[in-house]
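Results of the structural survey
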Amino acid sequence: GVSATTKFDLVDNLVYIKVTDSSDDLVAEALKRRPEYTQAKLRIEGAESLLKRSFRDFFPDIVGTGSYGGVRTDLNESWTAGISLNWSIFDGGNRLSRYREAKANLDASQQRLKAVELDISREVEQRRIEIRPLDGVPAPQLGEVLPGAARHVEERPRARHARAPARRGRSGRE
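Residues numbered from 1 in each chain as written. Predicted model: local features only at pLDDT ≥ 70, side-chain atom pairs only at ≥ 80, totals over all residues. Heavy atoms only, no water.

Section: the pattern of salt bridges
To keep it simple, the criterion reads: A pairing counts as a salt bridge when a side-chain nitrogen of Lys or Arg comes within 4 Å of a carboxyl oxygen of Asp or Glu. Residue exposure (1.4 Å probe, protein chains only): buried if accessible area is under 20% of the type maximum, exposed if over 50%, otherwise partly exposed.
Applying the stated rule across the entire model yields six salt bridges. One salt bridge connects Asp57 with Arg53, and the closest N-O pair in it is separated by 3.4 Å. Residue Asp57 is classed as partly exposed on the basis of its relative accessible area, which comes to 24%. Where Asp91 meets Arg95, a salt bridge forms, and the shortest distance between an N and an O atom there is 3.1 Å. Residue classification places Arg95 among the buried positions, given a relative accessible area of 11%. Connected through salt bridges with shared partners, the residues Arg34, Glu36 and Glu123 form a single ionic network.

Now the structure itself:
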């Protein structure tokens, strides 16, 4: 380690780099990195799978069986084969309602994805608007402005987490 009495000089090396990325590039990068966007995409995949499964439930189940072997000690050849077809003609509308529910869940998941995309896009644009006035500000003054913006970004998830129990109508202490 370094001795506690070692002297050193701090050098301020804060360098301002102008943001040159377009909004589309920034939004695309934000979408790649945000877990809620990935979660919404995975929910769509799951809803699509359930929709396919519920559609396939309209078709009959076909099962094939077979065996081959020998009988007795002299190993007389023996084989069997069979096919079974199971098809429920009437189930009280359960299959149709499960299909409609799966389709509605897929539509809802797609709408949630669009909402997440819009939220992320809005947040990226708000940050660009906050940073845009900083163009032309000397680097020493940026050191005073940027920590406030960083604190705002750090506090936002905490505030969202604190509001979550209130949205559910419960206290955070259970």
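Observations concerning the packing of aromatic side chains
Aromatic rings in a pair are described by how distant their centres are and how their planes are angled relative to each other. Short version of the rule: For Phe, Tyr and Trp, where Trp contributes only its six-membered ring, two rings pair if their centres lie within 6.5 Å, and the inter-plane angle classes them as stacked under 30 degrees, edge-to-face over 60, or tilted in between. Helix and strand labels come from DSSP, where a helix needs a run of H or I of at least four residues and a strand needs a run of E of at least two; each type is numbered from the N terminus.
One pass over the full model with this rule turns up four aromatic pairs. Ring plane angle 65 degrees and centroid distance 6.4 Å describe the contact between Phe55 and Phe58, whose orientation is recorded as edge-to-face. For Phe55, a relative accessible area of 41% gives the class partly exposed. The class of Phe58 is partly exposed, set by a relative accessible area of 28%. Taken together, a centroid distance of 5.9 Å and an interplanar angle of 70 degrees make the contact between Phe58 and Tyr99 edge-to-face. Here Tyr99 lies in helix 3 (residues 94-131) and Phe58 lies in the loop between helix 2 (35-56) and strand 1 (61-71), a separation of 41 residues in the sequence.

Considering helix 1 (residues 23-33)
Because the α-helix completes a turn every 3.6 residues, residues three or four places apart line up on one side. To keep things clear, this is the line we draw: In this context, the arc is that of the directions from the helix axis out to the C-beta atoms. We call two residues in contact whenever any of their non-hydrogen atoms come within 4.5 Å of each other.
Those residues of helix 1 lying buried are Val27, Ala30 and Leu31. Buried residues of helix 1, seen end-on, are gathered within an arc of 100 degrees and therefore sit on one face of the element. Among the exposed residues of helix 1, those oriented more than 90 degrees off its buried face are Lys32 and Arg33. Here the buried face of helix 1 lies against helix 2 and helix 3.

So, the nonpolar core
The nonpolar side chains of soluble globular proteins are, as a tendency, buried together. To keep things clear, this is the line we draw: Buried residues of nine kinds, namely Ala, Val, Leu, Ile, Met, Phe, Trp, Tyr and Cys, make up a nonpolar core once their side-chain atoms join them within 4.5 Å.
Of all hydrophobic cores here, the largest spans 14 residues; its most connected members are Leu31, Tyr37, Leu106, Leu113, Ile120 and Val124. For this core, the secondary-structure elements that each account for two or more residues are helix 1, helix 2 and helix 3. Per-element accounting of this core gives the leading share, six residues, to helix 3. Once you skip the residues sitting within four places of it in the chain, Leu31 turns out to touch Tyr37, Glu117 and Ile120.

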